[in-house]
Amino acid sequence: MSAALKDAVGSRRNRDWPKHLVLIAILCIELFPLYMMLQVSLKDNASFIQNPWLPQPPYAVTEVRRAPVAGQPDLVNIRTATWTEVMDGITPALVPDPALISAEKHFDLGVYRVGNLVKGVKIVGPYIANTVFVALSGTFLSLSLAILGAYFFARYKMPFAGVLWGAFMLLMLLPGVANIVPLFTLLKDLGLLNTLSALIIVGIAGGQVFNIFVLRNFIEDLPKDLFEAAEMDGASHLQQIKTVVLPLAAPIIGTLAILAFLGKWNDFLLPLIVLRDKELFTLGVGLIYLDGEYVKQWGQIMAAYFIASIPLIIIFLFCMRLFVRGLSAGAVKG
Amino acid sequence: MTRAPFRSLVPHLVLGLVFAWSCWHVASIRRVAVDTDKVTLRIGHWMLHAGMRESFDLAITDYQKLHPDVSIEQIPVPIRSYAMWLRTRLVGETAPDITGLAAVGEEIAGRYYLPLDAYASQPNPYNSGTPLEGVPWRDTFVDGLESVRNLLGPVSGELYGVNLQINTLRLYFNRNLLRAVTGSDAPPVTFAELRALGDQIAAYNARTGAKLVPIASCGPYSRYLFNTLVPSQTQRFAVESSPSLNLSVSPQDMATAFLRGEWSYATPAFRSGLELMREVTSLMPPGFSQLERDDALFAYLQQQAVMFYAGSWDYGVLVRDGPFQTGVTSLPLPDRDDPKYGRFVLGPISEAAGSPEAILGITRTSRHPEVALDFLRFLSSRRIATTFSRESHRISSVVGTPPPPDAPGLAPVLNGEVNGFGIDFTYLAGGNTNRAFQNNLHRALGPKGDLDDFIKAVETTMPENLRRDLAQAAFGQQREIRRLDSQLAFALTRSDPKPSEWSRLAEAQSIRQQERLPIVQEFFP
Amino acid sequence: MAQPLSRQKALREWKLYFFILPSLLFIGVFSYFPAGSAIYHSFFDWQGGDNKQLIGFENFSRALHDPVLWNSFGTVSVLIVFNLFKMIPAILMAVLIHRLKSDRAQYGYRVLLVVPMIVPGLVTLFIWKFFFDPNLGVLNNVLDFTGLKTMLVHLDKFFGWDVFFANAPIGWLSQPALILPSLFLWGFPWIGAVGVLIYLAGLQSIGQEVYEAAELDGVGPFQKFLYIELPLILTQVRLSLVLLIIGTLKDYGLQLVLLGDTGGPGGRGMVPGLWMYNRAFIAGEFGYACAIGMVLFLFILGLTYLNNKYVRVDK
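Residues numbered from 1 in each chain as written. Chains lettered and ligands numbered in written order. Predicted model: local features only at pLDDT ≥ 70, side-chain atom pairs only at ≥ 80, totals over all residues. Heavy atoms only, no water.

Overview of the overall build of chain C
Stated formally: Here a helix means four or more residues in a row that DSSP labels H or I, a strand means two or more in a row labelled E, and each is numbered from the N terminus. Using a 1.4 Å probe on the protein chains alone, a residue whose accessible area is under 20% of its type maximum counts as buried, one over 50% counts as exposed, and one in between counts as partly exposed. We call two residues in contact whenever any of their non-hydrogen atoms come within 4.5 Å of each other. Residue-level accessible areas treat just the shown protein chains as cover; the underlying method is Shrake-Rupley with a 1.4 Å probe. Residues counted as positive are Lys and Arg, residues counted as negative are Asp and Glu, and His and the chain ends are not counted. Here the site of a charge means NZ on Lys, CZ on Arg, CG on Asp, or CD on Glu.
In terms of regular secondary structure, chain C is built from 17 helices and two strands. Each principal axis of the C-alpha distribution contributes one length, and for chain C these read about 70 × 65 × 35 Å. Residues counted as buried form 51% of the 315 residues belonging to chain C. In chain C, of all internal contacts separated by at least 6 residues, the share reaching a separation of at least 24 is 61%. A total accessible area of about 14500 Å² is found for chain C, and carbon and sulfur atoms account for 68% of it. Taken together, the 22 basic and 19 acidic charged side chains of chain C have centroids lying 8 Å from each other.

A word on the pairing of strand β1 (residues 39-45) of chain B
Residue and element names in this part refer to chain B. Heads up, the rule is: Two strands are said to pair when DSSP picks up at least two bridges between them.
With six of its seven residues buried, β1 lies for the most part within the structure. Taken together, the seven bridges between β1 and strand β2 (residues 70-76) define a ladder with parallel strand orientation. Bridge pairing in β2 places I43 opposite Q74. Note that β1 and strand β3 (residues 98-100) share two bridges and pair parallel. Looking at the pairing, I43 lines up with I98 of β3.

Some points on the sheet that holds strand β2 (residues 75-80) of chain A
Residue and element names in this part refer to chain A. Rule in force here: Angles run from 0 to 180 degrees between N-to-C directions of axes, and those axes are lines fitted to C-alpha atoms, restricted for helices to the stretch in contact.
Within the open sheet, the three strands sit side by side as β2-β1-β3. Their pairing is antiparallel. The outermost strands of the open sheet, each flanked by one partner alone, are β2 and β3 (100-107). Strand-to-strand twist in this sheet, taken as the mean axis angle between neighbours without regard to direction, amounts to 20°. When strand β1 (residues 59-65) meets β3, the two strands line up antiparallel, connected through seven bridges. Along β3, the bridge assignment pairs R65 with L100.

A few points about the domain arrangement of chain A
All names here are of chain A. Heads up, the rule is: For the domains described, the bounds stem from an automatic or database domain assignment. Joining two parts hides part of their accessible area as seen by a 1.4 Å probe, and the buried area is that hidden amount summed over both.
Taken domain by domain, chain A comprises domain 1 (13-54), domain 2 (57-111) and domain 3 (114-333). The gap between the C-alpha centroids of domain 1 and domain 2 is 31 Å. Facing five residues of domain 1, the contacting portion of domain 2 comprises seven residues. Buried surface at the junction of domain 1 and domain 2, summed over both partners, amounts to about 430 Å²; 46% is from carbon and sulfur atoms.

What to know about the interface of chain A and chain C
Formally: By definition, a salt bridge exists where a carboxyl oxygen of Asp or Glu is found within 4 Å of a side-chain nitrogen of Lys or Arg. Under the rule applied, a polar contact is a pair of N or O atoms within 3.5 Å (in protein, one hydrogen donor and one hydrogen acceptor; residues adjacent in sequence only if both atoms are side-chain atoms). Gly is put with the polar residues, along with every residue not named as nonpolar or charged; the nonpolar set is Ala, Val, Leu, Ile, Met, Phe, Trp, Tyr, Cys and Pro, and the charged set is Asp, Glu, Lys and Arg.
With 103 residues of chain A at the interface, the matching set in chain C holds 100 residues. At the junction of chain A with chain C, the criterion picks out zero salt bridges. Here chain A and chain C share five residue pairs in polar contact (both at pLDDT 80 or more) between them. In terms of residue count, the dominant contributor to the side of chain A that touches chain C is helix α2 (residues 17-41) of chain A (15 residues). Residue composition of the side of chain A that touches chain C, grouped by class: 75 nonpolar, 13 polar and 15 charged.

A look at the pattern of salt bridges
All names here are of chain B. Here the structure, examined in full by the defined rule, presents 27 salt bridges over all chains. R195 is the partner of E279 in a salt bridge, and the nearest nitrogen-oxygen pair spans 2.1 Å. With E279 in helix α12 (residues 268-281) and R195 in helix α8 (residues 191-208), this pair connects stretches of sequence that are 84 residues apart. Classification of E279 as buried rests on a relative accessible area of 17%. Among the residues examined, R195 registers a relative accessible area of 30% and is labelled partly exposed. Because the salt bridges share partners, they merge into one network encompassing R195, E275, R278, E279 and K340.

Comments concerning the sheet that holds strand β8 (residues 326-329) of chain B
All names here are of chain B. Pairing is mixed across the open sheet formed by four strands, whose spatial order is β6-β7-β5-β8. Each edge of the sheet is formed by a strand with only one pairing partner; in this case those strands are β6 (213-216) and β8. On average, each strand axis in the sheet is inclined to that of its neighbour by 25°, with strand direction left out of account. Pairing of strand β5 (residues 169-174) with strand β7 (residues 305-311) involves five bridges; the strand directions are antiparallel. Within the sheet, the bridge partner assigned to Y172 lies in β7 and is F308. Its contacts with the sheet place helix α7 (residues 175-182) against β5, β7 and β8, and it is angled at close to 65° to β5.

Some words on the packing of aromatic side chains
For the record, the criterion: Any pair of Phe, Tyr and Trp rings, taking the six-membered ring for Trp, is counted once the centres come within 6.5 Å. Such a pair is stacked with planes under 30 degrees apart, edge-to-face with planes over 60 apart, and tilted for the rest. Cation placement over rings: the criterion is NZ of Lys or CZ of Arg within 6 Å of the ring centroid and within 35° of the ring normal.
Tallying each qualifying case throughout the model produces 62 aromatic pairs over all chains. For the pair Y172 of chain B and Y315 of chain B, a centre-to-centre distance of 6.0 Å together with 25° between the ring planes defines the contact as stacked. In this pair, Y172 of chain B is assigned in strand β5 and Y315 of chain B in helix α14 (residues 315-321), connecting sequence segments 143 residues apart. Taking the relative accessible area as the measure of exposure, Y172 of chain B reaches 0% and is therefore buried. Plain terms: the ring middles of F237 of chain B and W263 of chain B are 5.1 Å apart, the flat faces sit at 70° to each other, and that makes the pair edge-to-face. Of this pair, F237 of chain B sits in helix α10 (residues 231-241) while W263 of chain B sits in the loop between α11 (251-260) and α12, placing them 26 residues apart in sequence. The two residues F237 of chain B and W263 of chain B agree in class, both being buried. Here the aromatic residues F237, F258, W263, Y265, F270, F421, F425, F437 and F454 of chain B are joined through ring pairs into a cluster of three or more. Across the ring face of Y59 of chain A, the terminal group of K105 of chain A is positioned such that the distance to the ring centre comes to 5.9 Å. For R377 of chain B, the ring lying beneath its charged end belongs to W137 of chain B, and the centroid distance is 5.8 Å.

A few points about the nonpolar core
What counts is decided by this rule: Nonpolar cores are built from buried Ala, Val, Leu, Ile, Met, Phe, Trp, Tyr and Cys residues. Side-chain atoms within 4.5 Å join them into one set.
L287 and Y305 of chain A, F375 and L379 of chain B together with Y277 and F281 of chain C are the most contacted members of the largest nonpolar core, which has 211 residues in total. Ranked by residues supplied to this core, first place goes to helix α13 (residues 298-318) of chain A with twelve residues. Beyond its immediate sequence surroundings of up to four residues, F375 of chain B is in contact with L41, I43, I60, Y63, I72 and I98 of chain B. Of all hydrophobic cores here, the second largest spans 60 residues; its members include F191, Y309, I455 and V458 of chain B.

Examining the pairing of β7 of chain B
All names here are of chain B. Most of β7 sits inside the fold, with seven of its seven residues counted as buried. In this sheet, β7 lies alongside β6 in parallel orientation, the contact comprising three bridges. Note on β7: the bridge partner recorded for I215 is M307.

Remarks on the interface of chain C and chain B
Facing 30 residues of chain C, the contacting portion of chain B comprises 20 residues. Roughly 2100 Å² is buried in total at the junction of chain C and chain B, and carbon and sulfur atoms are behind 49% of that figure. A per-residue breakdown of the area chain C buries against chain B is headed by Q47, N135 and F281 of chain C, which together make up 22% of the total. Viewed at the interface, chain B and chain C are joined by one salt bridge. Here chain C and chain B share two residue pairs in polar contact (both at pLDDT 80 or more) between them. Among the elements of the structure, α15 (253-259) and α16 (272-281) of chain C are those that each provide at least two residues to the side of chain C that touches chain B. Taken together, the residues that form the side of chain C that touches chain B break down as 15 nonpolar, eleven polar and four charged.

A few points about the packing of helix α5 (residues 114-155) of chain A against helix α10 (residues 237-266) of chain A
Residue and element names in this part refer to chain A. Test applied: The scheme is simple: roughly parallel for angles under 35 degrees, roughly antiparallel for over 145, roughly perpendicular for 65 to 115, oblique for anything else. Helix crossings get a hand from a simple test, with the near helix turned counterclockwise from the far one by less than a right angle marking a left-handed crossing and a clockwise turn marking a right-handed one.
α10 packs onto α5 with a crossing angle of 140° between their chain directions and a minimal axis gap of 8 Å. Considering the angle they form, α5 stands oblique to α10. In the crossing of α5 with α10, the sense of the turn from one axis to the other is right-handed. Tallied by class, residues from the contact of α5 with α10 come to 19 nonpolar, five polar and two charged.

Quick notes on helix α9 (residues 148-159) of chain C
All names here are of chain C. Which entries qualify depends on this criterion: Take the residue count of a helix, subtract one, and multiply by 1.5 Å to get its expected span. Working definition: the arc comes from the directions between the helix axis and the C-beta atoms, pointing outward to the latter.
For α9, which comprises twelve residues, the first-to-last C-alpha distance of 16 Å matches the rise-based estimate of 16 Å (1.5 Å per residue) to within 8%. Taken together, the buried positions of α9 are occupied by K149, L152, V153 and D156. In a view along the axis of α9, the buried residues occupy a sector of 100°, so they form one face of it. Of the residues in α9, the exposed ones pointing more than 90 degrees away from the buried face are H154 and F158. Elements that come into contact with the buried residues of α9 comprise α8 (138-146). G160 sits one or two positions beyond α9 and adopts a positive phi of about 75°.

Structural notes on empty space enclosed by the protein
Residue and element names in this part refer to chain B. Note the cut-off: The distinction between a cavity and a pocket rests on a 1 Å grid over the protein atoms alone: a 1.4 Å probe fits inside a cavity but cannot get out, while a pocket stays open yet meets protein on both sides within 12 Å along at least five of seven lines, and a residue with an atom within 4 Å of a point counts as lining. Grid points are joined across faces, edges and corners, and a volume is the space filled by probe spheres set on the points.
For the structure shown, the criterion picks out ten cavities of 30 Å³ or more. Roughly 60 Å³ of volume is contained in the second largest cavity. Considering the residues around the second largest cavity, the lining is formed by R223, F226, N227, V230, M277, I423, D424, F437, Q438 and L441. Of all the secondary-structure elements, those providing two or more residues to the lining of the second largest cavity are α9 (219-229) and α17 (432-444). Classifying every residue of the lining of the second largest cavity gives six nonpolar, two polar and two charged.

In structure tokens, the structure reads:
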């Protein structure tokens, strides 16, 4: 939209700043989880309980206590300081601890538990690798097969095409709600339990119908002359797809690819049931298993969540233009 | 001009690199799995608590040193997902060689796990050099593996697993706070003293403006508390009125008696149990039944509560995360001299029947059952049990293992009377009656509690609930009978059927039928 | 439309059938076969292994009398209403961005919107679970800090809800009565980047003249929204609506992670899909789970039929 049009669209008062205010407020709320993840991941449980909201100040307190058994050396405990202690100094606790001898505060960069992030990478790294593998191969295979299939329906009205199309469309209406139960047994009989291939294959099967539906509509709208010209030049069907369909359908394929990728990336129901070995876990299952411990080590968990969020952010920052353009194109098509 | 194509190349390049890295990673997993000609053993369990994983790691390292051709892998599964995980792995036949047995009944145990009876009478070779040398494996356990047998093989009498540890329930108290309130850190011993302590804490709160809660509690742990308190009131009743004349009352016995109208919550022992529950809840925080274990733990660790009734499995966390000293004592129960509750009590209870913890069994689909058995023997040897006890602060089930060094109070008290039974129908199949009990409990408890209101609310729907539950029990028993049919058929059609094998199954089937038929005839004609 | 072709041409193009074969195989084996198997097994007492016992319609009669199942349908209806309500912020957000004057600001907000949305769904779920935590969670701390908690306690005494207590933390996910409100609050401020971007794209197709005419007529900003913008994104809204309703009916991943496999305390968060999952993978009653799936499927089929008949989607 041009600037001139913007002047016309704006309210009579012609001011943008209330909108900016609202948008920024909402964005702050949206970005808050990311902030929490980052600042908690650098703490351990004790300092998190002391100070949940603000980042940890780089100060620690050394406490010396008398040993419970006489004759033993004094117990030294180093804990993190709170912001109030940094500003105002250390105050005595409400319930006095008779064993406490002294408490001193000092500057200490060691309060930032970077080890949490390192551990997080070690734990989540493999999960990310597995998920990338499953999501990318699944998306690629799914879309390739969908393009082929859509081409079949869109190019010519082959005999029995109507029946086959009906087979696909019926699946659009049938919600595969109860599928997961016999699917589990089917995978077991095929020997596919506890493999990543099962995830890829089922992912492909699941997305085919929608992808073929959208792509068929798109390919049908392409002008026939392009195809005929290519055919005149002696191109086989595959070459026709390559030269005609792919370039023109790039935005829509991009959108479908992104939707498929996101779907596979976030899936956890099937991997939860199918995968047994820790090495094969995808991100979804891995994160659920992280949630398990009784007394949660929040620092480590938040570090793992933070690292789990990063790959997608990076991928999308790189493919941002493609993403936004693709979605808009797809949306206009309805 | 050349900038544009480069710009669009970068994301594709990045994607390509990332994909290549992931392919390499997946391929390397495959390589590791296929390469090894070692025997790989997998052990899946839910024990992620402080010290348990580390203890397993130590044991595994030790074992792998002894047997270099074996490699063992731990698969820890969070307890929230454990039931689903176990069920899907067993059905899908991808279960690890050894798994923990939790929320598993005889049907699953019998179908998917190897019976260990034959090995239980052989001595454990890893006990050589200890006082347990030459002792049959079964007898190296504190309760002779009876608890596991009762849990997993009550009908067939088969042994499907061994328990490495046992649990007890204990009242933990904050020494500093107790001293601040009463001047000494000696815990209460009888229920009357506990009540008095509650009053002292209230006085302290009024005096200093603090908001201390006597006992930190939550939904699940409050049930433990009630089910330890209430049986003290049904002790005498169980001995005097047991329908099967075996000093105890089974859930089915209780259900049929209630349905027939012979017993009800107006029966003195039961009503007294409810009264006791109501009185003890005045010592707990408001809304406790809605809290979770983490909340109760948090309240205690933050020094908002003076005491905490929890399991011996929690001790490790209290020691690790609590900045104060925690003392351990048994829950103070009403004694015979108690004016209000004493007349239903027989005496202090024995914890010999204990509750088994860390039960491990060998799955039938294991490729190396002998190695798995050997590792189980290793885990339950005296030496390794001592390591577990030290590292995880839990009580081992192996005879003679010293309790965790800093908490002797966690060990079970073996001398005492037979215990009573709970009155909330926890163990009745179907769970409807129990659910009605729990859902209406808030009427009886707390300062506004009215027992009659509660009893009326529960008893309106009780007949229907009991019927549904008994129907479910009968259905389950019928399924068991059918299963035993096929087992019997298999045993009898072999060329040389041994009476020792099939007579036990036949007896089990008869017991089940005897349990089932009266229910069906009386309530579902 | 696909080109019609003569018999001979069709015979020459027989290789084209190979294009559709793989997809057909995939959906045949992994979509149709499980669906058929589900229907078949719903008539059996099946524990997932090799033995099953034909029991006819017993699973279905049990399902019809199953209070948990019907309560779960009630819960899921409430959730559908919640989700309908949650569509609104995305539309408003799209309109706000659309009306900004600067193009760069628009693009900037688009990017900033997408970034938090790209956090994997599961991580968002867990972060929200953390927000709901009674002791350490954001929600309770905010309520305490702003004094809203005391207000809630007073309201509680007045209405007799029995969920908010003065000196105990609010157990958002551990009190049966608070489960549905928690599911409503979840995801605040309820903006989905995909939705906003799609609505934005739709809004962009509004021509200049319309706005100029409106400006001349002296139409205020809110009326502009009602009469210009809303009707034009109505198609997208309708499509999202249908997908939303069917999706909410089927979905149980959210409840599984947030509340656990029994639907949380008192089973208040139980939805039909979760009950099916519970029966199959926790209780091992695979046959009964298939029957539940069939009931749910019939429900959705009915809704889809009604939708196709009465709600016309304009192209």
